[in-house]
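Below are the chains, spelled out letter by letter.
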Amino acid sequence: MDALRLIGSSRQALERSTEVAEVIAEAWQIQALAHAVGGVIAAGGPPDLRGEARALSETAARAGAPADHPAVRASGLRAARMTGVADPAAVLTALLGLLGELGIVLVGVACATDDEGLYWQCIETMDIADESGDRVREMLRRLSVHQAAPPEAVRGRAGPR
């Protein structure tokens, strides 16, 4: 399944999450998806995105779900169904929006809980989502610069000789 469709599925699942455990499980799902998108772009995406894509993958991996968590065992990681990133700009734009939505939902959970452990888990996950968003933003910036450059500059033939 293309990354863009998986991002859409993740957005819907996050919107349907009503219990705290569901929100936390969706946070893991979204970070696993960011990890996978970063990995795919790092492996075969545009060359000027590969370093930042590796950084995205590494950042998102820090929020990994424990393999024995019931929510992960029950449905597996959505990101494992990803077959590719057909349109990096569209995928990165959608992923950036999803990471922002995740941050908002986690703020709500953190503010509503009396459980200190859950509070700090939300804060840490928000930090990782924010850092992942920064990586995605930088990749989008690089894509826009690359697309705005004249063809000669992209091929390395611009400027004085």
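Shown above is the structure to which this text applies.
Fair warning: this is a prediction, and the values are worked out from it, not measured in the lab.

Chemist: Just to check I follow, could you spell out the nonpolar core for this structure?
Modeler: Most often, soluble globular proteins have nonpolar side chains that are buried together. Counting residues in each nonpolar core, the largest one holds 42 residues, and the members touching the most others are Val 37, Ile 41, Met 82, Leu 92 and Leu 95. Counting residues per element, the ones that place at least two in this core are α1 (3-16), α2 (20-44), α3 (50-61), α5 (88-112) and α6 (116-148). Ranked by residue count, the leading element in this core is α2, at 12 residues. Discounting chain neighbours no more than four positions away, the residues touching Leu 92 are Val 37, Ile 41, Val 136, Met 139, Leu 140 and Leu 143.

Chemist: What should I look at first to understand the side chain of Thr 113 in this one?
Modeler: With respect to the helices and strands, the residue Thr 113 is situated in the loop between α5 and α6. Look at Thr 113 and you get buried, because its relative accessible area is 18%.

Chemist: Any chance you could explain α3 here in plain terms?
Modeler: A turn of α-helix holds 3.6 residues, and therefore any two residues three or four places apart point the same way. In a regular helix each residue adds 1.5 Å, so 12 residues correspond to 16 Å; α3 covers 16 Å between its end C-alpha atoms and thus fits that length. For α3, the complete set of buried residues consists of Glu 52, Ala 53, Ala 55, Leu 56, Ser 57, Thr 59 and Ala 60. Where α3 is buried, its residues contact α2, α5 and α6.

Chemist: Quick question: what am I supposed to make of the packing of α3 against α6 here?
Modeler: The description of two packed helices rests on the angle between their axes and on the distance between the axes. Viewed as axis vectors pointing N to C, α3 and α6 meet at an angle of 165°, and their least axial separation amounts to 9 Å. Classified by the angle between their axes, α3 and α6 sit roughly antiparallel to one another. You can see that α3 and α6 cross each other, and the crossing is left-handed. Contacts between α3 and α6 involve Glu 52, Ala 53, Ala 55, Leu 56, Thr 59 and Ala 60 on the former and, on the latter, Ile 128, Glu 131, Ser 132, Arg 135, Val 136, Glu 138, Met 139 and Arg 142.

Chemist: Please clarify how the packing of aromatic side chains should be interpreted in this entry.
Modeler: In this description, a pair of aromatic rings is defined by centroid distance and the angle of the planes. Tallied over the full model, the rule gives 1 aromatic pair. With a centroid separation of 5.0 Å and 85° between ring planes, the pair formed by Tyr 119 and Trp 120 is classed as edge-to-face.

Chemist: Please clarify how the packing of α2 against α6 should be interpreted in this entry.
Modeler: Between α2 and α6, the shortest axis-to-axis distance is 11 Å and the interhelical angle comes to 30°. Comparing their axes, α6 and α2 come out roughly parallel. When the axes of α2 and α6 are compared, the crossing they make is left-handed. Residue-level inspection shows Val 20, Ile 24, Ala 27, Trp 28, Gln 31 and Ile 41 of α2 in contact with α6, the latter providing Leu 118, Gln 121, Cys 122, Thr 125, Ile 128, Ala 129, Ser 132 and Met 139. Residue composition of the contact of α2 with α6, by class: 10 nonpolar, 4 polar and no charged.

Here is what the cut-offs are and how they apply
Residues numbered from 1 in each chain as written. Predicted model: local features only at pLDDT ≥ 70, side-chain atom pairs only at ≥ 80, totals over all residues. Heavy atoms only, no water. Core = buried A, V, L, I, M, F, W, Y, C linked by side-chain atoms within 4.5 Å. Buried < 20%, exposed > 50% of the residue type's maximum accessible area, 1.4 Å probe, protein only. Helix = DSSP H or I, 4+ residues; strand = E, 2+ residues; numbered from the N terminus. Contact = heavy atoms within 4.5 Å. Expected span 1.5 Å × (residues − 1). Axes fitted to C-alpha atoms, helices over the stretch in contact; angles between N-to-C directions. Parallel < 35°, antiparallel > 145°, perpendicular 65-115°, else oblique. Left-handed = near helix turned anticlockwise from the far one by under 90°. Phe/Tyr/Trp six-rings, centres within 6.5 Å; stacked < 30°, edge-to-face > 60°. Nonpolar A, V, L, I, M, F, W, Y, C, P; charged D, E, K, R; others polar.

Honestly, that's just the spatial picture; any functional story needs more than this.
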